[in-house]
Structures are given as C-alpha cells and as structure tokens.
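# Survey of secondary and tertiary structure
Given next are the chains, with one letter for each unit.
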Amino acid sequence: MAMLFMAPKVRSDSWVKHLRAQDCGLDLRVWPETGPADEIEFILCWKHPLGELKKYPNLKCIASLGFGVDHILRDPDLPPGVSIARLVDEFMVHAMSEYILTAVLCHTRQFDRFQQDQFQKKWQTRRPLRPQNVRVGIMGLGHLGADAARLLRLLGFQVSGWSRTPKHVEGITAWAGPDAMEEFLAQANVLVCLLPLTRATQGILNSRTFTRLPEGAYLINAARGEHLVEADLLAALDSGHLSGACLDVFREEPLPESHPFWSHPRITVTPHSASLTDPRTVAPQIVENYRRVRSGLAPRHVIDIEKGY
Ligand code: NAP
Ligand code: GLV
C-alpha cells in the first residue's frame, strides 16, 4: 500500500526527501506516476486536478499540504467516506503571528507612508499610533488567530476576536456568531482575517463589513483571497473609509500583472507567503498520520467536511 503526492504546482524533491527520511521503506509515489490505483491509501495534496481523487478505490485519507482544506473541498467529486486531514504546525503558527505583527506594526508605525515619502525624497515626520490606542480585531480564533492575538496583546495592543463558537483567550475580548459580528467590527481599528474559507465565510470582507468598521480602519487578509470582495475594498479605500490594506492572498494567484492591487498606494501585496509549509517540520506528522491510517486508527487533525474546516 502506498502514499501518493499529488501537488502539481509544488516541487516534489524536498517533500520526497523529508518524507523518506521519516521512513526509508515508505512507498511514496508522485502523481501522475501513481502505479496501480488500488494500491494508494493516502494522498498528500495541494490544489490537485479536480475529479482525480475519486480514482483510488482503497483511499482512506486525503491530507492537505497546508492548514487550509478549501482546495480539497472544492472538488465536486470527492470520494465519500474518506477522511480529510489538515496540518497543524507550531512553526507555521509562529510564522503567521510574525506576519500579522509585522503588518500591524507597519501600519501603526506608518511604514507604508514613509516608503512613499522616500520615493519622493520627502522628509516628513509622522507620529506612530500607540498600541494602547489601537484595537485589533481578529476574525477566526483558531490555531492561527489565537496565537496572533496573544502576541499582539503582549505588545500592548487592545485585541479582540470573533469566532463561530465562544472562545476564551486570556486578555482578549471574544465575540462569537453572526449576531455578534457587528459589535465586534464596530470597535476594530485593524481588522485581521484568519478564517477558513467556507460557504459561511466566502466574501465576508465586503462593503457591509467595511461600513461597520470605524473610519480609517486598516485591513489585513492572510486567510484566502475569496474572503475578500476586491471591488468593495477598492471602493472603501477610495472613499477614505478604510486607510489601507495588507493582503497576502488573492482570488487569482499569482496576482495578474494588470491587477489594480499591485500599484494601489494604500495596498501592500505579499505573494501568499505569510506562513509557508516547510516539509522538514511537517514530514513527521504526515508520516505518523499515514501509519495511523494503515493501522486502522483515525488520522490526527481531521476536519469536519460539513463545517468546511
Ligand atoms: P482553525 O484552527 O480551523 O480556526 C478557524 C477559526 O475560524 C476558528 O476560531 C473558527 O471558529 C473560526 N470560524 C470558522 N468559521 C467561522 C464563521 N462562519 N464565523 C466565525 N468564525 C468562524 O484554522 P487556522 O489553522 O487558524 O487557519 C485559518 C486559515 O488560515 C486556514 O484555513 C487557511 O485558509 C489560512 N492560512 C493561510 C496561510 C497563508 O500563508 N496565508 C497559511 C496558513 C493558513 P470556532 O473556533 O468556533 O470553530
Ligand atoms: C496556506 O495557505 C495554508 O493553508 O497552509
């Protein structure tokens, strides 16, 4: 029985090396060199060709190469009864928290404005916003959101969070559910999106959401491009209601050359790099999950297909 690596846009060499380092006898195949389809029990995947996963009659687990599983769930032909597992990795959690902190600090210390001043050789002092006076609201208090919240709190920011079910994170004001969203938004000077992409969260960063934020609020989206209604962001920036945005994820990736986000003076673009999967750190949990599946145990970090995360 075998593991199949199915991630056509990801270089497989490093993955093969680090997975085999965990188990030198591992029967690992790289799509499309699958061998007999009935030998595949475990598929490791990222942005696979839709319809491909249903071709393996003995498949027991589909494992994401990332934290998100939206790329798997968008396949209309998912094989029924196969568990879907995600990654949970402390290095990726720290990397995301660093990214969010960097984006928040670049905003509060006005680095985006200093950069524009520099292009114009303009010497202009700008007073930073004090963390104590900045309320950061985090949508999603899961593995990523809760850690970013703690770090921002340590630096003195006022932090709040919003999740589907009630959460308790020390020192953080937490709201839950759609009815609490308005109250949560009304106090957030910086809105951070760390939600999974699901039917309920698709397009959640839209004009209605933006209108509820205080004047001059700043947006950080490091979750998925489909959370954001791009035209609504441009309108909110042009009207001055939002002061700027830092975006790591986009509806179309790579972001097309002609896209207005590239040259917008109030938007910082990063190329889906907030928290990159490192085969070195996650290979052990993947191989452990493969062993669990082979011995009849449920894999760790299984997602709820109905909830979508
Ligand atoms: P997670 O642990 O599953 O946490 C998700 C959080 O979102 C939970 O607090 C959940 O609420 C909340 N949530 C889900 N649906 C909601 C809804 N309808 N309304 C309100 N709250 C809702 O996820 P994670 O590990 O933190 O990852 C979040 C996402 O980040 C991933 O799915 C992925 O898309 C993205 N990501 C991006 C990068 C990057 O490099 N840009 C890297 C890694 C991950 P409950 O707590 O009540 O369940
Ligand atoms: C990256 O986007 C991930 O989901 O891990």
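Keep in mind that what you see is a predicted model, and the values were worked out from it rather than measured.

### So, the packing of aromatic side chains
Counted under the stated rule, the structure contains six aromatic pairs. With centroids separated by 6.4 Å and ring planes inclined at 70°, the aromatic side chains of F111 and F114 adopt a geometry described as edge-to-face. One end of the pair is F111 and the other is F114, both in helix α4 (residues 111-119) and three residues apart, which spans about a single turn. Taking NZ or CZ as reference, K307 lies 4.7 Å from the ring centre of Y309, over its face.

### Observations concerning the state of the cysteines
Taken as a whole and assessed by the stated rule, the structure comprises zero disulfides. Here C61 stays unpaired: no disulfide links it, and the sulfur of C45, its closest cysteine neighbor, is 9.6 Å away.

### Details of the domain arrangement of the protein
It is common to report an interface's size as the accessible area lost on association of the parts. Split by domain assignment, the protein resolves into domain 1 (2-89 + 278-294) and domain 2 (90-269). In this structure, domain 1 and domain 2 have C-alpha centres spaced 32 Å apart. On the side of domain 2, 10 residues touch domain 1, which itself brings 10 residues to the contact. A per-residue breakdown of the area domain 1 buries against domain 2 is headed by F67, D70 and D89, which together make up 55% of the total. E226 is paired through a salt bridge with R74; the nearest N and O atoms lie 3.0 Å apart. Our enumeration of links across domain 1 and domain 2 arrives at five residue pairs in polar contact (both at pLDDT 80 or more). Residue composition of the side of domain 1 that touches domain 2, grouped by class: three nonpolar, two polar and five charged.

### Side note on the site of ligand 1
Near ligand 1 lie 28 residues; those nearest to it are R86, H143, T165, K167 and Y309. In the environment of ligand 1, an oxygen atom lies 2.9 Å from a nitrogen or oxygen atom belonging to the backbone of L141. Here ligand 1 has 950 Å² of accessible area as a free molecule, and 93% of this is covered by the chains. Secondary structure elements with two or more residues in the shell around ligand 1: α5 (143-154) and β7 (158-163).

### Considerations on the site of ligand 2
Ligand 2 sits among W46, G66, F67, G68, M92, R224 and H272. Here an oxygen atom of ligand 2 and a side-chain polar atom of R224 are 2.8 Å apart. H272 is positioned with one of its side-chain polar atoms (N or O) 2.6 Å from an oxygen atom of ligand 2. For ligand 2, the accessible surface in isolation is 190 Å², of which the surrounding protein chains cover 86%. Its residues placed into classes, the shell around ligand 2 shows three nonpolar, three polar and one charged.

About the criteria used
Residues numbered from 1 in each chain as written. Chains lettered and ligands numbered in written order. Predicted model: local features only at pLDDT ≥ 70, side-chain atom pairs only at ≥ 80, totals over all residues. Heavy atoms only, no water. Phe/Tyr/Trp six-rings, centres within 6.5 Å; stacked < 30°, edge-to-face > 60°. Helix = DSSP H or I, 4+ residues; strand = E, 2+ residues; numbered from the N terminus. Lys NZ or Arg CZ within 6 Å of the ring centre and 35° of its normal. Disulfide = S-S within 2.5 Å. Domains from an automatic or database assignment. Contact = heavy atoms within 4.5 Å. Buried area = accessible area lost by both parts, 1.4 Å probe. Salt bridge = Lys/Arg side-chain N within 4 Å of Asp/Glu carboxyl O. Polar contact = N/O pair within 3.5 Å; in protein donor to acceptor, adjacent residues only side chain to side chain. Nonpolar A, V, L, I, M, F, W, Y, C, P; charged D, E, K, R; others polar. Near = heavy atom within 4 Å. Areas by Shrake-Rupley, 256 points an atom, 1.4 Å probe, with all protein chains shown as cover.

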